[in-house]
Amino acid sequence: MFKFFARRSDLPLDRDAHSQFLPWLIAFMVFLAVLAMAGMLMLNAVAERWDQGVTGTLTVQIAPSEDPSEDDIRLRNALTILASTKAIDRYEVMSDARVLKLLEPWLGGIANSDELPLPRLIDVELHSGADLDAAQLTERLAARVPGSSVDDHRVWLERLVSLIRTVQTLATMVLFFIAMATVGTVIFTTRTGLAIHREAIEVLHLIGAQDSYIARQFARRALALGLTGGLLGLVLGIPTLMAIGYLVGRMDGFLLPSLHLAGYHWILVGLLPVGVALIAMITARTTVLRSLAKML
Amino acid sequence: MAAASDDAIIRFENVGLRYGLGPEVLKDVNFELAKGSFHFLIGESGAGKSSLLKLIYLALKPSRGLISLFGHDIAVTSRHQLPALRRRVGVVFQEFRLLNHLSAFDNVALPLRVAGAKENLVKKHVTELLTWVGLQSHMEARPPTLSGGQQQRVSIARAIIARPRLLLADEPTGNVDDVMGFRLMHLFEELNRLGTTVVIATHNMQVVERLGHGRLLLDDGNLTVKPPQPKKETVAAASRLSKGEEDALAAAEQAAIADPFGDFPDENETFGDPASLGNYL
Ligand SMILES: Nc1ncnc2c1ncn2[C@@H]1O[C@H](COP(=O)(O)OP(=O)(O)O)[C@@H](O)[C@H]1O
Ligand SMILES: [Mg+2]
């Protein structure tokens, strides 16, 4: 590989001032691509886990009233209704301690069940594959249990998953635009190079060089610049990813299931510079061949 | 004329050339050159010599007419096949057209490399030929650091390194004295003896007339072909030369013959014996 780059070139492309900026531009694009791709892969994992994991659950909430004994009656009525619902596999009333823990991030340490009327929460798990009409359950509950509400995880999960899919589509578009920008930049750089070295290229032609011989020199140069820029972008991108990973890790799965890149994700991200370099190489080659085809 | 076609390396039929919308600089040019022939292309400055050579080495397309090179009608030859034709033509350009960022060695190596020659063969042949033209100690020098005469020898080496079947030279004696001019001509004659067809553009009539050979005369874009002339020992008869000039020219030719390897006027470098050129190609 080093021998490949050490090869003598018949055109002094490595001294072209106009192409010196190319690695930096490619570094920047690969940096963005690394972030976009990592984001996409992480969200993918999250969406999949949520899709399977939490679909069959919902939470019934009973708001506290003035009178605690009234609350107990409401809770019993609610449980009776749940028990008579076929689709429901299991249900469990959350302990006050657990409810407090859930509220803690909003209320801080001051929360205490004695001072604060707490809502009653019931975790409900459906039979796998069961099709429950959450709206109907809500109606039945509301009829007999004032202040009750049903939090159907499936609804907000569906929304969350579709949000994630949208973000992923955006990330894919970002990757696509990065590829297009790379292509555009390489075309511009290559055309400038062709103009600068027009005289030498003409001599090469007159000596009997095939277009592909000339194109190879540009392609080799674009590959070298692309790899240099790509690796630079990766070197900048990976610490950024690790920093984001660290910050997400500190949130400890509170809102998000653990957000991290699996091994093969790192490989995919690591392949980005190679991909961009190959795009640069193929673009340079195509550009040269197209331009030369117009010469004699 | 048609009978000779099989043997023709170059054939022009009613060729005209104009640059852009300008006037025709070549008008109805008709000729053919037999394999192994040696011709001078003669004409005043601006007569169209360089333009004609450019048509032959496929740097220009004619505005009209037919050009056939090695039996290929170039109008119907695909772009893809042109490099193969060009590799059979060696050109000594008027302004040399060396690549300034490459060493003398790499410049001379180009025709071999574009043809895909193996690097060890490239090294062997280029080293030998550069040694033969007296540049063994300048192989790594870049053209801008070389004298005009040295650059010319690099460009001649580049033109002949791949043993072209056709050699074209555009005013190769333009920048050298008469002794050196004769040496170059003897070199081209030796190449011709080895089987290469040669066309040399020049406006130095004196040298031409002393050497004989066929002539292509260009006058304001009109071409006339003259068959090989016997060598003239003296050109005094047709002469625009004084006796003194005539003697000087004769002395120059004698000097070139007596000392074919010659010390170059400006450097202590020797040209190889033309007769040994065959060993290097
Ligand atoms: N690239 C060009 N564009 C326009 N006119 C040209 C070009 N090259 C040569 N000419 C014109 O063509 C004519 C022949 O030029 P050239 O072939 O160079 O003659 P020579 O080599 O015999 O001096 C001249 O009138 C010259 O001005
Ligand atoms: Mg000329």
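Residues numbered from 1 in each chain as written. Chains lettered and ligands numbered in written order. Predicted model: local features only at pLDDT ≥ 70, side-chain atom pairs only at ≥ 80, totals over all residues. Heavy atoms only, no water.

1. What about the overall build of chain B?
Then step 1. Counting its regular elements, chain B contains 8 helices and 10 strands.
Then step 2. Counting over 281 residues, chain B shows a buried share of 53%.
Then step 3. Sequence separation of at least 24 residues holds for 69% of the intrachain contacts in chain B that already meet a minimum separation of 6.
Then step 4. Accessible area of chain B: about 12,200 Å², with a carbon and sulfur share of 52%. (Helix = DSSP H or I, 4+ residues; strand = E, 2+ residues; numbered from the N terminus. Buried < 20%, exposed > 50% of the residue type's maximum accessible area, 1.4 Å probe, protein only. Contact = heavy atoms within 4.5 Å. Areas by Shrake-Rupley, 256 points an atom, 1.4 Å probe, with all protein chains shown as cover.)

2. Observations concerning the nonpolar core
Residues and elements named next belong to chain B.
Then step 1. Formed by 45 residues in total, the largest nonpolar core has its most connected members in Phe40, Val126, Leu130, Phe188 and Ile200.
Then step 2. The leading source of residues in this core is helix 6 (residues 178-193), at 7 residues.
Then step 3. Look past the residues within four positions of phenylalanine 188 in its chain and what remains in contact with it is Phe38, Ile156, Leu167, Ala169, Pro172, Val198 and Ile200.
Then step 4. Judged by nonpolar contacts, the second largest core, of 35 residues, contains Val15, Leu26, Ile74 and Leu216. (Core = buried A, V, L, I, M, F, W, Y, C linked by side-chain atoms within 4.5 Å.)

3. A word on the interface of chain B and chain A
Think of interface size as the accessible area that goes away when the parts come together; that is how it is often given.
Then step 1. Taken together, the contact between chain B and chain A spans 22 residues of the former and 23 residues of the latter.
Then step 2. Our count for the contact surface shared by chain B and chain A stands at 3 salt bridges.
Then step 3. When the shortest N-O distance is used, the salt bridge between Asp211(A) and Arg79(B) registers 2.3 Å.
Then step 4. Here chain B and chain A share 7 residue pairs in polar contact (both at pLDDT 80 or more) between them.
Then step 5. Elements with a contribution of two residues or more to the side of chain B that touches chain A: helix 2 (82-86) and helix 3 (104-114) of chain B.
Then step 6. For the side of chain B that touches chain A, the element with the most residues is helix 3 of chain B, which contributes 5 residues.
Then step 7. Here the residues of the side of chain B that touches chain A sort into 11 nonpolar, 2 polar and 9 charged. (Salt bridge = Lys/Arg side-chain N within 4 Å of Asp/Glu carboxyl O. Polar contact = N/O pair within 3.5 Å; in protein donor to acceptor, adjacent residues only side chain to side chain. Nonpolar A, V, L, I, M, F, W, Y, C, P; charged D, E, K, R; others polar.)

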